[in-house]
Amino acid sequence: MAPLDTETKEHRKQYKLETEIVYTAPTDQYRSSSTPIYQTATFKQASGTEMGEYDYTRSGNPSRTDLENHLARIMRATRVLAVTSGMSAMDVISRLLKPGDEVIAGDDLYGGTNRLLTFLSANWGITVYHVDTTIAANVIDKLSENTALVLLESPTNPLIKICDIPYITKVVKEKYPNALVAVDNTMMSPIGMNPLDVGVDIVYESATKFLGGHHSLMAGVLAVKSAELGDKLYFVINSTGCGLAPFDCWLLHQGLKTLAIRFERAQENAQKVAEFLEDRGFKVRYPGLKSHPQYNLHWTMARAAGSVLSFETGSVEMSEQVVSGARLWGISVSFGCVNSLISMPCKMSHASIDPKVRAERALPEDLIRLCVGIEDVTDLIDDLKTALVSANALKE
Ligand SMILES: *Cc1c(COP(=O)(O)O)cnc(C)c1O
């Protein structure tokens, strides 16, 4: 479908992704280049009986519409919905479930997703299966009439496991057309992968990461091809009030404009950092390395390797020293930001997962995650090298 030009309301040429990301037609009455922020909760009606396009910001706001339309073109979706965080996007999806439903999800999920699914199974009568999705049969074996949602992430974080999204989606849709397939595409962003193109029902992302790109806001986005499904998700958002606030819509739109160039540079840097570590004998997980066990599968689906990688030092103490020893790499959770970050998932982003469960899922306690930014890569490698040497993880 050709995208709708918001200015003329006519279908227009579909440009290349990099162009769509920066191109916007003016939508306001003054033809402002940067869409204004409609910082208002309410909209006045022309009369007691005439409803305007907007009435109350929980239900809709021009700043949100503008962002959502822009994202729909980028994500090749019929409809995109912007909400207050990535977890909020997942929460909206979870409200399509009812007691007795079954969810099949990965075993290396984002920590917050894991926490929400645990809550659903403890309180809402929903059965959640966590399987190693790298083996498609593990997912397929669990499918039944009760399967309401298959939730996939690829690559996972921090273990960088890849799953065959097109194949799993095809099998689910053939066997149980009513089961929804949702993909958390945060690690890839629209630059790296477009799961809607292979029949996935819902793609969602934490816009806190690559889409925003500066760690200045929290946001989540949901993208669908089915208008009916879009209406169901919108119903939840309007009912619960988790639509993204006007200022954050504007901020996200600003960040979004440089997505392509930020992503490319970060990925170029990540590849060099991954090669540096691998050349020095560390066990590195990154889809840009041929040594990744699912390198071929990844590149059948994706156009990019992303900028998140992880490696092991062999000792928890050593890893702790490496993380503390880095100067340029900020010690922080999250990724997709312009500046580079270093963390120990078991102590930070994945600390909410029970240590026993972490062990079962083979999450190494000494794992270091690197989220590479857009700095000069020689500075990044120098800084990492200094930290590795001073922690005795690497000889000079
Ligand atoms: C960060 C993240 C989320 C949650 O997003 P928030 O914006 O932090 O709520 C979900 N999935 C993945 C893969 C993430 O990295």
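Rules and cut-offs
- Residues numbered from 1 in each chain as written.
- Predicted model: local features only at pLDDT ≥ 70, side-chain atom pairs only at ≥ 80, totals over all residues.
- Heavy atoms only, no water.
- Helix = DSSP H or I, 4+ residues; strand = E, 2+ residues; numbered from the N terminus.
- Rg over C-alpha atoms; globule rule 2.2 N^0.38 Å.
- Buried < 20%, exposed > 50% of the residue type's maximum accessible area, 1.4 Å probe, protein only.
- Contact = heavy atoms within 4.5 Å.
- Areas by Shrake-Rupley, 256 points an atom, 1.4 Å probe, with all protein chains shown as cover.
- Lys, Arg positive; Asp, Glu negative; His and termini not counted.
- Charge placed at Lys NZ, Arg CZ, Asp CG, Glu CD.
- 1 Å grid on protein atoms, 1.4 Å probe; cavity = no way out; pocket = protein on both sides within 12 Å on 5 of 7 lines; lining within 4 Å.
- Points joined across faces, edges and corners; volume = space filled by probe spheres on them.
- Nonpolar A, V, L, I, M, F, W, Y, C, P; charged D, E, K, R; others polar.
- Domains from an automatic or database assignment.
- Buried area = accessible area lost by both parts, 1.4 Å probe.
- Polar contact = N/O pair within 3.5 Å; in protein donor to acceptor, adjacent residues only side chain to side chain.
- Arc of directions from axis to C-beta.
- Near = heavy atom within 4 Å.
- Sits in = over half its atoms within 2 Å of the grid points.
- Pairing = 2+ DSSP bridges.
- Axes fitted to C-alpha atoms, helices over the stretch in contact; angles between N-to-C directions.
- Salt bridge = Lys/Arg side-chain N within 4 Å of Asp/Glu carboxyl O.

### Section: the overall build of the protein
- A tally of helices and strands in the protein yields 14 helices and 12 strands.
- The C-alpha atoms of the protein give a radius of gyration of 21 Å, which matches the 21 Å a tight globule of 396 residues would have.
- Its C-alpha atoms give the protein principal-axis dimensions of roughly 75 × 50 × 35 Å.
- Counting every position in the protein, which comprises 396 residues, the buried fraction comes to 55%.
- Here the contacts in the protein between residues at least 6 apart in sequence split such that 70% fall between residues at least 24 apart.
- Total accessible area on the protein is roughly 17,200 Å²; 52% of this is exposed by carbon and sulfur atoms.
- Side chains of the protein give 39 positive and 47 negative charges; the mean places of these two sets differ by 1 Å.

### Re the layout of surface pockets
- Computed from the structure, the second largest pocket encloses a volume of approximately 410 Å³.
- Taken together, 25 residues form the lining of the second largest pocket, with Tyr110, Ser206, Lys209, Ser334 and Phe335 sitting closest to its centre.
- Contributions of two or more residues to the lining of the second largest pocket are made by α3 (86–94) and β6 (202–206).
- When residues in the lining of the second largest pocket are grouped by element, the largest group, three residues, is from β6.
- Residues that form the lining of the second largest pocket fall into these classes: eight nonpolar, 12 polar and five charged.

### Points about the domain arrangement of the protein
- Its domain assignment divides the protein into domain 1 (17–256) and domain 2 (259–390).
- The centre of domain 1, based on its C-alpha atoms, is set 26 Å off from the matching centre of domain 2.
- Opposite the 42 residues of domain 1 that make contact, domain 2 presents 40 residues.
- A combined buried area of about 3,300 Å² lies between domain 1 and domain 2, and 64% of that area is made up of carbon and sulfur atoms.
- When residues of domain 1 are sorted by the area they lose upon contact with domain 2, Leu159, Ile162 and Phe210 head the list and together hold 21% of the total.
- Counting across the domain 1 and domain 2 interface gives 14 residue pairs in polar contact (both at pLDDT 80 or more).
- Listed by contribution, the elements that provide at least two residues to the side of domain 1 that touches domain 2 are α1 (17–22), α4 (111–123), α6 (165–175), α7 (189–192) and α9 (246–256).
- Counting residues per element, the side of domain 1 that touches domain 2 draws most heavily on α7, which supplies four residues.
- Per-class residue counts for the side of domain 1 that touches domain 2 are 20 nonpolar, 15 polar and seven charged.

### Side note on helix α12 (residues 316–325)
- Turning to α12, its buried residues are Ser319, Val322 and Val323. The arc enclosing the buried residues of α12, seen along the axis, measures out at 95°, which places them on a common side.
- For α12, the secondary structure elements touched by its buried residues are β10 (330–331), β11 (341–343), β12 (368–371) and α14 (377–390).
- Capping the start of α12, Ser315 holds a side-chain oxygen 3.3 Å from the backbone nitrogen of Glu317, two or three residues further along.

### Quick word on the site of the ligand
- Inspection of the region around the ligand gives 13 residues, with Gly86, Asp184, Ser206, Thr208 and Lys209 positioned closest.
- Met87 places a polar main-chain atom, nitrogen or oxygen, 2.8 Å from an oxygen atom of the ligand.
- Look at the ligand: alone it shows 380 Å² of surface, and the protein chains cover 95% of it.
- Because more than half of its atoms lie within 2 Å of the grid, the ligand is assigned to the second largest pocket.
- Residue classes in the shell around the ligand are distributed as five nonpolar, five polar and three charged.

### Looking at the sheet that holds β6
- Across the sheet, seven strands lie side by side as β1-β7-β6-β5-β4-β2-β3; this open sheet has mixed pairing. Each having just a single partner strand, β1 (79–83) and β3 (127–131) make up the two edges of the open sheet. Strand-to-strand twist of the sheet, defined as the mean angle between neighbouring strand axes without regard to direction, takes the value 20°.
- Pairing analysis gives three bridges linking strand β5 (residues 180–184) to β6, with the strands arranged parallel. Residue pairing across strands places Ala182 opposite Ile202, the latter belonging to β6.
- Most of the contacts of helix α2 (residues 62–74) go to β1, to which it runs at about 130°, and overall it touches β1 and β7 (220–224).

### Considerations on the pairing of β1
- When you tally the buried positions in β1, you get four out of five residues, the bulk of the element.
- Across five bridges, β1 lies against β7 in antiparallel orientation. Within the sheet, the bridge partner assigned to Val80 lies in β7 and is Ala223.

### Quick look at the sheet that holds β11
- Taken in spatial order, the five strands line up as β8-β9-β12-β11-β10 in an open sheet, and their pairing is mixed. Strands at the two margins of the open sheet, each flanked by one partner only, are β8 (283–285) and β10.
- Here three bridges tie β11 to β12, and the two strands are oriented antiparallel to one another. Residue pairing across strands places Leu341 opposite Cys371, the latter belonging to β12.

### As for the pattern of salt bridges
- Overall, the coordinates contain 11 salt bridges when judged by the stated rule.
- Measuring nitrogen to oxygen at the nearest pair gives 3.9 Å for the salt bridge that ties Lys225 to Asp197. On the criterion of sequence distance, the pair formed by Lys225 in the loop between β7 and α8 (227–240) and Asp197 in the loop between α7 and β6 is long-range, its members being 28 residues apart.
- Classification of Lys225 as partly exposed rests on a relative accessible area of 41%.

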